[in-house]
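Chain by chain, the residues run as shown.
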Amino acid sequence: MNSATQPNISPTISDYRSVTQIAPGMATSDGAGVRMTRLLGTDQLQRLDPFLLLDMFHSDQPQDYIAGFPDHPHRGFETVTYMLAGRVRHEDNKGHVGVIEPGGVQWMTAGRGIVHAEMPEQDQGLMWGFQLWLNLPAARKMTEPRYQEFDPSEIPIEQRPDGTTVRVIAGETHWGTRGPIQPGETEALYWDVAIAPKQTFTEPLPPTHNGCLVVYDGQVTVHGDTSTPAQRVQSGELAVLGSGQQLQVRAGSEAGKFLLIAGQPLNEPVAQMGPFVMNTQAELMQAYRDYQAGRF
Ligand code: CO
C-alpha cells in the first residue's frame, strides 16, 4: 500500500472530460471457443486510437473458457492481459512461459512477430480478466518481441484518504504513484480504480490522450461539461471520454470499480487483418507470408 498525501488540484481547472459514447459491448467468441464481451473493436466502437480492441471475459462456467486460445500469431502491436480472478498460462514459440495471476499483468510487445498460446490454468472456478490491444507506431511495428510481466505484489496501490484505491499498472497519478510498465510512445495509462461509496475521484489526464472507462463492478457517474450532462456508467459498459483536462467520477451508495485506460493517439493509417495490425495492405500481406513461412 502506498499512502499518498493529497496534492493540490488547481481550482482553475474546470475543463472536465465528459462521456461522448457508451458501448455496452457485444457478446462474442474467440480463440477455440472462449465466450467474452468485446467492448472495443466492434461495429459500434471500432477503435479508440491508439487502442484497437478490448475484450472482457467473465465466467465461472468452465465450458465458456476451457478451450482457451491455442497457438496463434500477433504482429505490429501490443497485447495487455490483466486478470481479476483466475489464472492464465502463456507459452510462445521462443520458449517464453509464464502464468498471469489475479491482479497481475502481462504487457506483451508482439513487434515483428510472436506465436503463442494463452490457456486457462484451471478447469473450474471464476475466470475474470481483460485483454487490450494497443497499437505500435509504424517505426516500432517490427521491433523485437518483448514482455513486461508483473505479479500482483509488484503493482503499487495508491490508498487515498477517502478509501478510494488506485492500482497503477502504467502511467503516474498526480499523487505520484507510478506503475511498473514502460508504455512507450503512446504514454499509455492503465489504472484499476475502486472509488469508495459516495466518494469522488478527481484526476487530471494529459489533454491530448484519448481515454475510456470500463466499469466492472457497481456503477459510477462521470462529470459533465457545459454541453453534456453527467453520465451514469453501469458495470459492463465502456465509456469513451471526450476532450478536457481532468476527469471527475463519483460512486453511488456502493463502491464503483473501473479500469481507466488512456493513451496518446498515433494518428497513423491502420491496416488490420485478424492478429496482424500494420499500416498498409502490402505490410499485411507480408505479415501473412512471413507467418506462413515460419518466420515469426
Ligand atoms: Co494472443
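Structure first, text after, so check above.
Okay, so let's go over this structure. None of these values were measured; they are calculated from a predicted model. (Residues numbered from 1 in each chain as written. Predicted model: local features only at pLDDT ≥ 70, side-chain atom pairs only at ≥ 80, totals over all residues. Heavy atoms only, no water.)

All right, on to the packing of aromatic side chains then. Per the counting criterion, the structure on display carries 9 aromatic pairs. Both rings, one in Phe276 and one in Phe296, keep their centres 5.8 Å apart while their planes meet at 70 degrees; by these two values the pair is edge-to-face. Of the two residues, Phe276 is situated in strand E25 (residues 276-278) and Phe296 in the segment after helix H2 (281-292); the sequence distance between them amounts to 20 residues. For the pair formed by Phe276 and Phe296, the shared burial category is buried. Put simply, the rings of Tyr82, Trp107 and Tyr190 touch in pairs and so form one group of aromatic residues. (Phe/Tyr/Trp six-rings, centres within 6.5 Å; stacked < 30°, edge-to-face > 60°. Helix = DSSP H or I, 4+ residues; strand = E, 2+ residues; numbered from the N terminus. Buried < 20%, exposed > 50% of the residue type's maximum accessible area, 1.4 Å probe, protein only.)

A few words on the sheet that holds strand E8 (residues 88-92). Read across the sheet, 4 strands follow the order E6-E11-E8-E9 without closing on themselves; strand pairing throughout is antiparallel. Each edge of the open sheet carries a strand with a single partner, namely strand E6 (69-74) and strand E9 (97-100). Taking the axes of each pair of neighbouring strands and ignoring which way they run, one obtains an average angle of 25 degrees across the sheet. Examined bridge by bridge, E8 and E9 share 4 bridges and lie antiparallel to one another. Within the sheet, the bridge partner assigned to Glu91 lies in E9 and is Val97. (Pairing = 2+ DSSP bridges. Axes fitted to C-alpha atoms, helices over the stretch in contact; angles between N-to-C directions.)

On to H2, then. Helix length check: H2 (12 residues) gives 17 Å between terminal C-alpha atoms against 16 Å at 1.5 Å per residue, within 8%. Listed as buried for H2 are Leu284, Ala287 and Asp290. Buried positions in H2, seen along its axis, are confined to an arc of 125 degrees and lie on one side of it. Seen from the buried face of H2, the exposed residues on the opposite side, beyond 90 degrees, are Gln281, Ala282 and Gln292. The inward-facing, buried residues of H2 abut strand E24 (271-273) and E25. Backbone geometry just downstream of H2 places Gly294 in the positive-phi region, at approximately 75 degrees. (Expected span 1.5 Å × (residues − 1). Arc of directions from axis to C-beta. Contact = heavy atoms within 4.5 Å.)

As a further point, take the sheet that holds strand E3 (residues 26-30). Read across the open sheet, the 7 strands follow the order E3-E4-E5-E12-E7-E10-E13; overall the sheet is antiparallel. Both outer strands of the open sheet, E3 and strand E13 (146-150), are each paired with one neighbouring strand and no more. Going across the sheet, the axis of each strand differs from the next one's by a mean of 20 degrees, ignoring polarity.

The next subject is the pattern of salt bridges. One pass over the full model with this rule turns up 12 salt bridges. We note a salt bridge from Arg38 to Asp30, for which the minimum N-O separation is 2.9 Å. Since its relative accessible area comes to 12%, Arg38 is described here as buried. It is possible to trace a salt-bridge network through shared partners that takes in Asp30, Arg38 and Asp55. (Salt bridge = Lys/Arg side-chain N within 4 Å of Asp/Glu carboxyl O.)

Another aspect to go through is the pairing of strand E15 (residues 165-170). Successive side chains on a regular strand alternate, one facing one side of the sheet and the next facing the other. Among the 6 residues in E15, 6 count as buried, and that is most of the element. Across 3 bridges, the pairing between strand E14 (residues 157-159) and E15 is antiparallel. Along E15, the bridge assignment pairs Glu158 with Val166. Two successive antiparallel strands, E14 and E15, enclose a turn made up of 5 residues, where Gly163 displays a positive phi of approximately 100 degrees.

Here we come to the coordination of the cobalt ion. Here the cobalt ion is held by His72 (NE2), His74 (NE2), His116 (NE2) and Glu118 (OE), and the distances to it run 2.1 to 2.3 Å. Because the angles between the 4 donor atoms bound to the cobalt ion fall within 84 to 176 degrees, the donor set is best described as irregular. (Donors = N, O, S within 2.8 Å, 3.2 Å for Na, K, Ca; no water. Tetrahedral: all angles 85-135°; square planar, octahedral: opposite > 155°, others 65-115°.)

With respect to the helices, strands and loops of the structure, Tyr288 is situated in helix H2. For the pair Tyr288 and Pro275, spaced 13 residues apart in the sequence, the C-alpha separation amounts to 9.8 Å. With near-sequence residues (within four places) excluded, Tyr288 lies in contact with Met273 and Phe276.

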